[in-house]
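Descriptive structure summary
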Amino acid sequence: MGAAREREGAVESGRRLVLVLGGTSDARAVAELLDGAEGVRVLSSLAGRTKAPVRPVGESRVGGFGGVEGLTAWLRENRAAAVVDATHPFAARISANAVAACAAVGVPLLRLQRPGWTARDGDDWRRVASAHEAAAVLPGIGRRVFLTTGRLETAPYARLDDLWFLLRSVEAPDGDVPRNLELLLDRGPFAFDDEVGLLRRHRIDVLVTKDSGGTQTAAKLDAARELGVPVVMISRPAVAAPESVASAAEAAEWVRGTCGTVRG
Ligand code: NAP
């Protein structure tokens, strides 16, 4: 198959295949916006990390592709016309794989990444580059930690025996965890009043979060500001994307434009 033909993408029943790399509410919004769009077939891809993921509208697949090679082969075999990488800002590996695989096959790639959070008046944030750095600064800041960085990254905090942790995650962690830990299984969005109540009830004196951005989980930052609780903010990893937008609406527009004749 020649490169030019590959770029045209698969036209199955007049529809061109768009792969949406997902696992985020933004990715679900893209799938919803393009649902039923003329000339486009959206296939959402989930990593399969959570046992009961929120399923996007339309077709979806679950599981890794097998690195850059696997994704490259997948794009070729399925003759994808475009890829929208709407994965979480901290899912750096799949994003890098998408850049390499799309370049190899000549498939247009768009990165959809919501803006990060910015500190406001009254905020007390310490920016760090990683979970390891967050763990290193924590003992100098507080004793009762609200940890909201997900179940997969608890190991860096596991040796902080003098601190107490409230870990909130969608599913229980399976790696090393701190000795003094209370687990709160919950999934956003979260409301301001509930977040204030939670911080008060547990006498939280420091919050650890990734700079995920967006509105779904931002209320904890408002609550921390309200109560004067310092925040350890883990900065995003750098991802070199050829083209990027900040909203699902812009991403859907890009798909329509990229897939040529497609009308929404
Ligand atoms: P990652 O470190 O960048 O990816 C690790 C591996 O998981 C990738 O190499 C890929 O496997 C597979 N993978 C990741 N996303 C995939 C997708 N959408 N479809 C198919 N395979 C995928 O990512 P992660 O941090 O483990 O995140 C996994 C998923 O959870 C992402 O889809 C992300 O949007 C979502 N998520 C992540 C976070 C977070 O904080 N990291 C938060 C909320 C949601 P192969 O190399 O085998 O293709």
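The rules behind these values
- Residues numbered from 1 in each chain as written.
- Predicted model: local features only at pLDDT ≥ 70, side-chain atom pairs only at ≥ 80, totals over all residues.
- Heavy atoms only, no water.
- 1 Å grid on protein atoms, 1.4 Å probe; cavity = no way out; pocket = protein on both sides within 12 Å on 5 of 7 lines; lining within 4 Å.
- Points joined across faces, edges and corners; volume = space filled by probe spheres on them.
- Helix = DSSP H or I, 4+ residues; strand = E, 2+ residues; numbered from the N terminus.
- Domains from an automatic or database assignment.
- Buried area = accessible area lost by both parts, 1.4 Å probe.
- Salt bridge = Lys/Arg side-chain N within 4 Å of Asp/Glu carboxyl O.
- Polar contact = N/O pair within 3.5 Å; in protein donor to acceptor, adjacent residues only side chain to side chain.
- Nonpolar A, V, L, I, M, F, W, Y, C, P; charged D, E, K, R; others polar.
- Near = heavy atom within 4 Å.
- Areas by Shrake-Rupley, 256 points an atom, 1.4 Å probe, with all protein chains shown as cover.
- Core = buried A, V, L, I, M, F, W, Y, C linked by side-chain atoms within 4.5 Å.
- Buried < 20%, exposed > 50% of the residue type's maximum accessible area, 1.4 Å probe, protein only.
- Contact = heavy atoms within 4.5 Å.
- Axes fitted to C-alpha atoms, helices over the stretch in contact; angles between N-to-C directions.
- Parallel < 35°, antiparallel > 145°, perpendicular 65-115°, else oblique.
- Left-handed = near helix turned anticlockwise from the far one by under 90°.
- Pairing = 2+ DSSP bridges.

Concerning empty space enclosed by the protein
Here the idea is plain: a probe the size of a water molecule rolls over the atoms and shows the empty space left. What the rule picks out here adds up to two cavities of 30 Å³ or more. The space that makes up the largest cavity amounts to roughly 40 Å³. In this structure, the largest cavity is lined by G22, G23, T24, A27, R28, S44, L46, V54 and P56. Mapped onto the lining of the largest cavity, the elements with two or more residues apiece are α2 (25-34) and β3 (40-46).

Remarks on the domain arrangement of the protein chain
When the domains of the protein chain are assigned, the result is domain 1 (2-115 + 238-259) and domain 2 (125-234). With centres defined by C-alpha atoms, the gap from domain 1 to domain 2 works out at 31 Å. Both faces combined, the contact of domain 1 with domain 2 buries some 860 Å², and carbon together with sulfur accounts for 51% of it. Our count for the domain 1 to domain 2 interface comes out at zero salt bridges. Taken together, domain 1 and domain 2 are joined by six residue pairs in polar contact (both at pLDDT 80 or more). Broken down by class, the residue content of the side of domain 1 that touches domain 2 amounts to five nonpolar, three polar and three charged.

Quick notes on the site of the ligand
Taken together, 22 residues lie near the ligand, and G22, S45, R49, F65 and K210 sit nearest. Between the ligand and K210 there is a distance of 2.5 Å, counted from an oxygen atom to a side-chain nitrogen or oxygen. In the complex, 79% of the free accessible area of the ligand, which totals 800 Å², lies under the protein chains. Of all the elements in the fold, those that place two or more residues in the shell around the ligand are β3 and α4 (92-105). Of all the elements, α4 adds the most residues to the shell around the ligand, at four residues. Class assignment for the residues of the shell around the ligand results in seven nonpolar, 11 polar and four charged.

Points about the nonpolar core
Formed by 22 residues in total, the largest nonpolar core has its most connected members in V18, V20, L34, V40, V84, L112 and V255. Elements represented by at least two residues in this core include exactly β2 (15-21), α2, β3, β5 (82-85), β6 (109-112) and α8 (248-258). Per-element accounting of this core gives the leading share, five residues, to α8. Excluding its chain neighbours within four sequence positions, the residues that come into contact with L112 are D26, V30, V84, D85, A86, T87, V245, A246, S247, A248 and A251.

Comments concerning the environment of A131
Within the secondary structure, A131 sits in helix α5 (residues 131-137). For the pair A131 and R93, spaced 38 residues apart in the sequence, the C-alpha separation amounts to 17 Å. If sequence neighbours within four positions are ignored, A131 has contacts with E153, P156, Y157 and I234.

Details of the packing of α2 against α8
At a closest axis distance of 9 Å, the pairing of α2 and α8 adopts a crossing angle of 45 degrees. The angle between α2 and α8 places the two elements in the oblique class. Seen from above, α2 lies across α8 with right-handed handedness. In this structure, α2 uses D26, A29, V30, L33 and L34 to contact α8, whose residues at the interface are A248, A249, A251, A252, V255 and R256.

Here we look at the sheet that holds strand β10 (residues 181-185)
Sheet strands pair by backbone hydrogen bonding; their relative direction is either parallel or antiparallel. Pairing in this open sheet of six strands is parallel, and the strands run β7-β12-β11-β8-β9-β10 from one edge to the other. Strands at the two margins of the open sheet, each flanked by one partner only, are β7 (125-128) and β10. Direction aside, the axes of adjacent strands within the sheet are offset by 20 degrees on average. In terms of strand pairing, strand β8 (residues 144-147) meets strand β9 (residues 164-169) through four bridges, oriented parallel. When the sheet's bridge partners are listed, F146 is paired in β9 with L166. On the sheet, helix α6 (residues 192-201) packs against β8, β9 and β10 and is oriented at approximately 155 degrees with respect to β9.

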